[in-house]
Amino acid sequence: MLTGGAALLALPAATALGWPRRAAAQPAAYAGPLFDAHLHYNDEAWLSAHPIEDALGRMQRSGVRAIIANSRPNDGTKSLAQAVEARRAAGVEVVPFVRLYRNRADYSNWFRDPSIAEMVERELAAGTAAGPYRGLGEFHLYESANADGPVARQLMRLAEARGLAVLAHVDDTAIDRLMAHAPGARLIWAHTGIGGAPVERVVQLLARYPRLMGELSYRPGLIGADGQLSAAWRALAEAHPQRLLVGSDTWVNARWQGYEALMAEARAWLGGLPAPLARRIAWDNGAALFGLAAPAPL
């Protein structure tokens, strides 16, 4: 019989002989409601590949009970908002945002194009069939200096003045620049940093801007090979439980086709957190941001 260190040394050999190694038990997936804080319903989705019934069916099967909806152009968002009966049947609440893009050409020029600001004002004035818009974005800034463009400054100040949230796909330097224009704005940082800003920098920005939220789709380093939050991100979530959101980022149809898998991945790592923290990130933070009630059972 082997004892002590001899037994430990024997384990690799035993495994090599074919003895099964017991896998670490995986936590049960989070089973509560999800708030998808980064959903696109662009024209290539809603006009052909993923009509309303298909999109809502994917949300319903994934347990997604509310979404931030935005689209290029804004017709996709409005089509979701006006599908009141279908949304009620699926149990999905829509929080509509005005997107700053009429077409793909607007991605790289919106921050200095006065016609974008005019379009945003028209959309806000008209609203949607389900009520007013609740935010602006998602918008992109591929160079952080463009956060100081005249339209970027104008729209950040407009959002602050009207209590609109902003969904921004930017780097960490642009966060500082955008918040300098509108210190009281509610800013949702898409992916919590393009290019993978270090976790220490994310913590610094969360501390500096109390109304900054981090949305976690596509975030490098978020989860490990075991499908659970990495140690650094778990520590951040535990230290800042009210500042994180989940999202899908359905920017192309392939993301729609994999929607249920994306939400299952989020449920897996949420399941590894204490239940109150998982519920807060999955649902409560987004619901609180927009004053949504707890979802009724379907």
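If you're wondering where the values come from, they're calculated on a predicted model, not measured in any experiment.

Novice: What's the story with the sheet that holds strand E2 (residues 64–70) in this structure? I'm lost.
Specialist: To summarise the sheet geometry, strands pair through backbone hydrogen bonds and adopt either a parallel or an antiparallel arrangement. Read from one edge to the other, the open sheet built from 8 strands follows the order E1-E2-E3-E4-E5-E6-E7-E8, with strand pairing classed as parallel. Among the strands making up the open sheet, the edge pair consists of strand E1 (34–40) and strand E8 (244–245). Where helix H13 (residues 275–290) meets the sheet, it contacts E1, E2, strand E3 (93–98), strand E5 (165–169), strand E6 (186–189), strand E7 (212–215) and E8, and its direction lies at approximately 70° from that of E1.

Novice: What is the right way to read the packing of helix H8 (residues 172–181) against helix H9 (residues 199–208) from this model?
Specialist: Two packed helices can be described by the angle between their axes and the distance between those axes. Two numbers describe how H8 lies on H9: the axes approach to 11 Å, and their chain directions differ by 10°. Accordingly, the angle class assigned to the pair H8 and H9 is roughly parallel. Facing Asp172, Thr173, Ile175 and Asp176 of H8, the residues of H9 in contact are Arg201, Leu205 and Arg208. Looking at the contact of H8 with H9 residue by residue, the class counts come to 2 nonpolar, 1 polar and 4 charged.

Novice: What am I meant to see in the pairing of E7 here?
Specialist: Regular strands show a simple pattern: their side chains alternate between the two faces of the sheet. Across the two faces of E7 the burial is the same, with Leu212 and Gly214 and Met213 and Glu215 all buried. Of the strand pairs in this sheet, E6 and E7 are connected by 3 bridges, and their pairing is parallel. Following the sheet pairing, Ile188 is matched in E7 by Met213. Considered for its hand, the β-α-β crossover made up of E6, H9 and E7 is right-handed. Across 2 bridges, E7 lies against E8 in parallel orientation.

Novice: How should the nonpolar core be read in this particular structure?
Specialist: Grouped burial of nonpolar side chains is what soluble globular proteins tend to show. Among the nonpolar cores identified, the biggest contains 95 residues, and Met59, Trp110, Phe139, Trp269 and Leu270 are the most heavily contacted of them. At 8 residues, H13 tops the list of elements feeding residues into this core. Setting aside residues up to four positions removed in sequence, Leu270 forms contacts with Tyr30, Leu34, Val246, Ala278, Ile281 and Ala282.

Novice: Quick question: what am I supposed to make of the pairing of E6 here?
Specialist: Side chains of E6 alternate between two faces, with Arg186 and Ile188 and Leu187 and Trp189 buried alike. Examined bridge by bridge, E5 and E6 share 4 bridges and lie parallel to one another. When the sheet's bridge partners are listed, Ala168 is paired in E6 with Trp189.

Novice: Would you mind going over unusual backbone geometry with me for this structure?
Specialist: Phi is mostly negative for residues that are not glycine, and the peptide bonds are mostly trans. The amide bond that connects Arg72 to the next residue, Pro73, takes the cis arrangement and shows omega of -10°. Positionally, Pro73 belongs in the loop between E2 and helix H4 (75–82). The omega angle of the peptide bond from Gly137 to Glu138 is 5°, so this bond is cis rather than trans. Residue placement: Glu138 occurs in strand E4 (residues 135–140). We note that His191 has phi near 70°; this positive angle belongs to a residue other than glycine. Structurally, His191 is set in the loop between E6 and H9. Although it is not a glycine, Thr192 adopts a positive phi angle of roughly 50°. On the secondary structure map, Thr192 appears in the loop between E6 and H9.

Reading guide: rules and limits
- Starting afresh in each chain, residues are numbered from 1 along the sequence in its written order.
- Local features are withheld for residues below a pLDDT of 70 in this predicted model, meaning they are given only at 70 or higher, and side-chain atom pairs are given and counted only at 80 or more; totals for whole chains, interfaces and linings count all residues.
- To get the side-chain values, take all heavy atoms of the structure and skip hydrogens and water.
- Being paired, for any two strands, means DSSP has found at least two bridges between them.
- Secondary structure elements follow DSSP: runs of H or I no shorter than four residues count as helices, runs of E no shorter than two count as strands, and numbering proceeds from the N terminus.
- Residue contacts are counted whenever heavy atoms from the two residues lie within 4.5 Å of one another.
- Only the stretch in contact is used when a helix axis is fitted, and all axes are lines through C-alpha atoms; the angle between N-to-C directions ranges over 0 to 180 degrees.
- Angle categories are assigned with fixed cut-offs, so that under 35 degrees is roughly parallel, over 145 is roughly antiparallel, 65 to 115 is roughly perpendicular, and the rest are oblique.
- Any residue that is not Ala, Val, Leu, Ile, Met, Phe, Trp, Tyr, Cys, Pro, Asp, Glu, Lys or Arg is counted as polar, Gly included; the first ten are nonpolar and the last four charged.
- Buried residues are those whose accessible area, probed at 1.4 Å on protein chains only, stays under 20% of the maximum for their type, while exposed residues exceed 50% and partly exposed ones sit between those limits.
- If you view a crossover with the strands going away from you and the path from the first strand over the helix to the second runs clockwise, you call it right-handed.
- Side-chain atoms within 4.5 Å are what join buried Ala, Val, Leu, Ile, Met, Phe, Trp, Tyr and Cys residues into a set we call a nonpolar core.

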